[in-house]
Amino acid sequence: MKVRIGGPERAPRADEAPYDQDAVAEVLARWRDTPGNLLPILHDIQARLGHIPPASVRQVAKALGRSRAEVHGVITFYHDFRQAPAGRHVLKVCQAESCQAMGSRALTAHLERALGCALGETTADGSVTLEPIYCLGLCAASPALMLDGALHARVTPAAADALLAAAREGA
Amino acid sequence: MWAEVRGLRDDVDFGTPPRSGAPVTLTIDGVEVTVPAGSSVMLAAAEARRAVPKLCATDMVEAFGSCRVCLVEIEGRRGFPASCTTLVEPGMVVRTESPRLQQLRSGVMELYLSDFPAGELPDGWSEFHETVRRIGVTTHGYGAGATHHDLPVDASNPYFLFDPAKCIVCSRCVRACEEVQGTFALTIDGRGFDSKVAASQDEPFFDSECVSCGACVQACPSHALVEKSLFDGGYVRAESPEA
Amino acid sequence: MSVTVFVPRDSFAMALGADRVAQAIAVEAAARGLAVRVVRNGSRGMAWLEPFVEVQTPAGRTGYGPVSVRDVESLFAAGFLQGGAHPLAHGAVDAMPWLARQERLTYARVGVTDPLSLDDYLAHDGFRGLRRALGMAPGAVVEEVVASGLRGRGGAAFPTGIKWRTVAGAEAPRKYIACNADEGDSGTYSDRMIMEGDPYVLIEGMAIAGYAVGATYGYIYTRSEYPLAIATLEEAIRRARAAGWLGADIQGSGVSFDLEVRMGAGAYICGEETAMLESLEGKRGQIRPKPPLPALKGLFGMPTVVNNVISLATVPIILDRGGAFYAEFGMGRSRGTLPIQLAGNLRTPGLVEKAFGVTLRELVEDWGGGTASGRPVRAVQVGGPLGAYFDASLLDLPLDYEAFAKEQGIVGHGGIVVFDDTVDMAEQARYAMEFCAIESCGKCTPCRIGSTRGRELIERIIRGEDVAASHAQLLALCDVMEHASLCALGGMAPLPVLSALRFFPGDFGLAGDREVAHVG
């Protein structure tokens, strides 16, 4: 059987894919003396840069005395961490049971239609990334979603449209 | 045969590293055996010549507990503990074979086969193939589903190649790289069904932090990491029967 | 003389516009020249009434809800600051039957106090448990918790005191308290409500645990999906430290304990204690085999108490009132109270703290008020995504760990999700396997490959392909996952699948065509 030979792509270096190295250095300095600091560091880098640039992994690994492989393994394990920028707005729609019982499947289908992209994708104009989320702890007020970090409960399709319209108008 | 091909060890693989505690005596399939405290049940079973089937365990690295074919029954305990991660206790009574264990091990092997290129099964001679034969599973009932067969083969290293289709994600290579070599060049990328062995940031082995020591190739139980010298004229995956 | 108005800052209220309501009340009061002090409290747990606004009147607190910005003017017009009548009025809050019939021990202060006010906390019996504990020998504190019969509220129900004994008996240079606040089960929010509504009770519980077992540092590991809980906890920790309730010499006792909050990153598996410890150490959240027990070799290799939020938040009242007081509540081997979280398709869902023994029917019908859709209840899932689905025939089951185990179900973390008769239980079973596949850490084979195969098999059954063979293979797969998985995620994912098959075989088309209600 023919197999595809070639393997994955080479990881970019900072000089090939520039990112804000000073910002990463600040984050690393802030957490330098904290035991088990990799998750807080990755969260902070993502908060500052919008994502964790693959080219920054070398800098992080070096500062922590760990290998790039170890850092990469952690980044790819956790669904929060993204290696590429998201859309200008991130809409996370709960897909878990309580919200299912209150119409989240229909709400999700409505949003996919309205945005013209599926869960896990970004709209063609780059304005909204639509993502699944598994429970926001708002299960007595389902269905729930999170738009740019803000919580919304008992969301109807019309309410979701209004939220998105307001967000897109703002930026 | 595996040991000869590797040429690296001709002794028994006890599955977990040796320990040096005070002697503990236990019974395995009716055989009394004494091993140092801190040893695994798997090691004791090998010592008693009642070796338990295993895939993720090898005595060059610490126990991991992921493959779930080394399950045993222990008197007075619920369920089916993995013998690699269960430590011996004085007077413990262990059973390594039973119809129920055979059923569970077969079930686990079926899952492996559902994601293993069928064409690579008949003539293979890796530890994985030996284990498949020992447990006696030849096919699986899952039909066509998601697999890792389309992932590209990484042949960037001059000495060995990595075929992810034959990888059973036991992490022996990752652990050998860490525990034997201290290089930490390998990891698991992603999680769940998407988990796959990756060099550094999922890049070609040759570009990665890999130092070509070969510990991962030696550790691999399924020939996913395999020496190129075995394939004159280039690597070809065996034709799948249904293809 | 200003009037105190309470507008919750709990996520329920915030997700329903509480900030705008609080602001509108302040603006309207200013416009009318009325002196109003707005306090941002926790939630009473009556989620269907959120934002639930309370007014402090001479006769006690009066409630209005659900309040939206457009109701504010009419509330002022109706004289709500004096408890005036209004269509949204619910009268004296303490007399509302939904609350009055509960037994609030762990949640005694939640919704009542300003969560960040140390004065409020102290005025409502706060830190009494810690003060008493510090006057006792550490071993006696452990025994008080053993005597209470408290079992781990995260889901595994292991006796908390026994776990503490193991850690207390371990010799080590350092020990840790790791609070598991990775509340990922759908249908649950009790941990979040404590963290947002009464953070000091959790801090106090952890300090008591630290003193009892000889640990000087703690971590609260919670979810990135809980931003308000994280912000509240961090502020509470800062204030507690400044006031000498955390740090090197707690209230001059010579006892030292401090803690920090850690945020997960989107991984349900990190609610499993060993995966949580890996994550706290900065690693992939993969399961560690046991042994060694975390109690002996846990965080950074040191003896570690891993307890759920509710377990730790219940410790202060046990130390304050005594283990015997707490053990008087409950039934059988399930002692004390459980915060039950009503969710899904219910008219009046929310948090009910009640002694063990309350039946599902009381919870679903009396507290929950039946379905929000008005249609019949068809299925109830208790204990999160790994919990069994029951049909209405089991509604008289009492909430009790052993009674649920007898019906192949779990109480878990106490979440109850209700579905009406439009639910397609084959789709729910498919989702159970899909969720396991999405959240599997990927370490062990039964879960890593099995969850994806399970989803594929159920999809085949739903499409009506090879139904009998797929069904047989699914049962074999569930057997392997249940008995051969490394942890409870793979081990329990079959539970919702098998229970759906048991109670709702028609939905799978196992004896003829699939029977699914299609209601628009």
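Above this text is the structure in question.
Residues numbered from 1 in each chain as written. Chains lettered and ligands numbered in written order. Predicted model: local features only at pLDDT ≥ 70, side-chain atom pairs only at ≥ 80, totals over all residues.

Trainee: Hey, could you run me through the interface of chain C and chain A in this one?
Mentor: Interfaces are often described in size by the accessible area the parts lose on coming together. Listed as interface residues are 45 residues of chain C and, on the opposing side, 34 residues of chain A. Residue assignment for the side of chain C that touches chain A shows that the elements contributing at least two residues are α1 (11-14), β8 (258-263), α12 (273-280), β12 (337-344) and β16 (415-420) of chain C. Residues that form the side of chain C that touches chain A fall into these classes: 21 nonpolar, 16 polar and eight charged. (Contact = placed C-beta atoms within 7 Å. Helix = DSSP H or I, 4+ residues; strand = E, 2+ residues; numbered from the N terminus. Nonpolar A, V, L, I, M, F, W, Y, C, P; charged D, E, K, R; others polar.)

Trainee: I would appreciate a short explanation of the environment of G369 of chain C in the present structure.
Mentor: Tracing the chain through its elements places G369 of chain C in the loop between α15 (360-367) and β14 (377-382). When near neighbours in sequence (up to four residues on either side) are disregarded, G369 of chain C contacts L346, R347 and T348 of chain C.

Trainee: Quick question: what am I supposed to make of the sheet that holds strand β1 (residues 23-28) of chain B here?
Mentor: For sheets, the rule is that strands pair by backbone hydrogen bonds, running either parallel or antiparallel. All names here are of chain B. Strands sit in the order β2-β1-β4-β3 across an open sheet of four strands; the sheet is mixed. The open sheet has two edge strands, β2 (31-36) and β3 (73-74), and neither has a second partner. Across six bridges, β1 lies against β2 in antiparallel orientation. Across the sheet, T27 pairs through a bridge with E32, a residue of β2. (Pairing = 2+ DSSP bridges.)

Trainee: I would appreciate a short explanation of the sheet that holds strand β15 (residues 389-391) of chain C in the present structure.
Mentor: Residues and elements named next belong to chain C. Read from one edge of the open sheet, five strands run β13-β12-β16-β14-β15, paired in mixed fashion. Of all strands in the sheet, those bounded by a partner on one side alone are β13 (351-355) and β15. Averaged over all adjacent pairs, the angle separating strand axes in this sheet is 30 degrees, with direction ignored. Relative to β16, β12 runs parallel, the two sharing four bridges. Across the sheet, the residue bridging to Q341 is G415, located in β16. Set on the sheet, helix α22 (residues 494-503) makes contact with β14 and β15; between it and β15 the angle comes to about 20 degrees. (Axes fitted to C-alpha atoms, helices over the stretch in contact; angles between N-to-C directions.)

Trainee: Is there a simple way to think about α22 of chain C in this case?
Mentor: Because an α-helix completes one turn every 3.6 residues, residues spaced three or four positions apart along the sequence face the same direction. The element α22 of chain C is extensively covered by neighbouring structure, given that eight of its ten residues are classed as buried. Against β14, β15, α17 (425-439), α19 (450-463), α20 (467-484) and α21 (488-492) of chain C lie the buried residues of α22 of chain C. (Buried ≥ 20, exposed ≤ 12 C-beta atoms within 10 Å, placed from the backbone.)

Trainee: Please clarify how the pairing of strand β6 (residues 176-181) of chain C should be interpreted in this entry.
Mentor: Remember that side chains alternate between the two faces of the sheet whenever the strand is regular. All names here are of chain C. Most of β6 is tucked away, with six of its six residues classed as buried. What you see with β6 is no split at all: Y176, A178 and N180 on one side and I177, C179 and A181 on the other are buried throughout. Alignment of β6 against strand β7 (residues 217-222), held across six bridges, turns out to be parallel. From the neighbouring strand, A181 faces β7, where its bridge partner is T222. Judged from the five bridges that link them, β6 and strand β9 (residues 304-308) form a sheet pairing that is parallel. Note on β9: the bridge partner recorded for A178 is V306.

Trainee: Where do I start with the environment of T359 of chain C in this structure?
Mentor: Residue and element names in this part refer to chain C. You can see T359 is positioned in the loop between β13 and α15. For the pair T359 and G214, spaced 145 residues apart in the sequence, the C-alpha separation amounts to 39 Å. Setting aside anything within four residues of it in sequence, one finds T359 in contact with L395, D396, L397 and P398.

Trainee: Can you help me understand the environment of H148 of chain B in this one?
Mentor: Residue and element names in this part refer to chain B. Counting through the fold element by element, H148 comes out in the loop between α4 (127-135) and β5 (160-162). A residue is classified by how many C-beta atoms lie within 10 Å of it, and H148, with 19 of them, is partly exposed. With 42 residues separating them along the chain, H148 and S106 place their C-alpha atoms 21 Å apart. Apart from residues lying up to four places away in sequence, H148 is in contact with D115, P164, A165 and K196.

Trainee: What is the right way to look at the nonpolar core in this model?
Mentor: Generally speaking, a soluble globular protein has its nonpolar side chains buried in company with each other. Grouped together as the largest cluster of nonpolar side chains are 282 residues, with contacts concentrated most on A144 of chain A together with A178 and C179 of chain C. A per-element tally of this core places helix α10 (residues 199-213) of chain C first, with eleven residues. With residues near it in sequence (within four places) discarded, A144 of chain A still touches C94, C99, L136, L138, L151, H152, A153 and V155 of chain A together with A15 of chain C. (Core = buried A, V, L, I, M, F, W, Y, C linked by C-beta atoms within 7 Å.)

Trainee: I would appreciate a short explanation of the interface of chain A and chain B in the present structure.
Mentor: Taken together, the contact pairs 20 residues of chain A with 31 residues of chain B. Per-element accounting of the side of chain A that touches chain B gives the leading share, seven residues, to helix α4 (residues 68-77) of chain A.

Trainee: Mind showing me how you'd approach the packing of α20 of chain C against α22 of chain C here?
Mentor: When two helices pack together, their arrangement is given by the angle between the helix axes and the distance between those axes. Residues and elements named next belong to chain C. At a closest axis distance of 10 Å, the pairing of α20 and α22 adopts a crossing angle of 145 degrees. For the pair α20 and α22, the crossing hand works out as left-handed. Counted together, C478, M481 and E482 of α20 and P494, V497 and L498 of α22 form the full contact between these two elements. For the contact of α20 with α22, the residue count by class is five nonpolar, no polar and one charged. (Left-handed = near helix turned anticlockwise from the far one by under 90°.)

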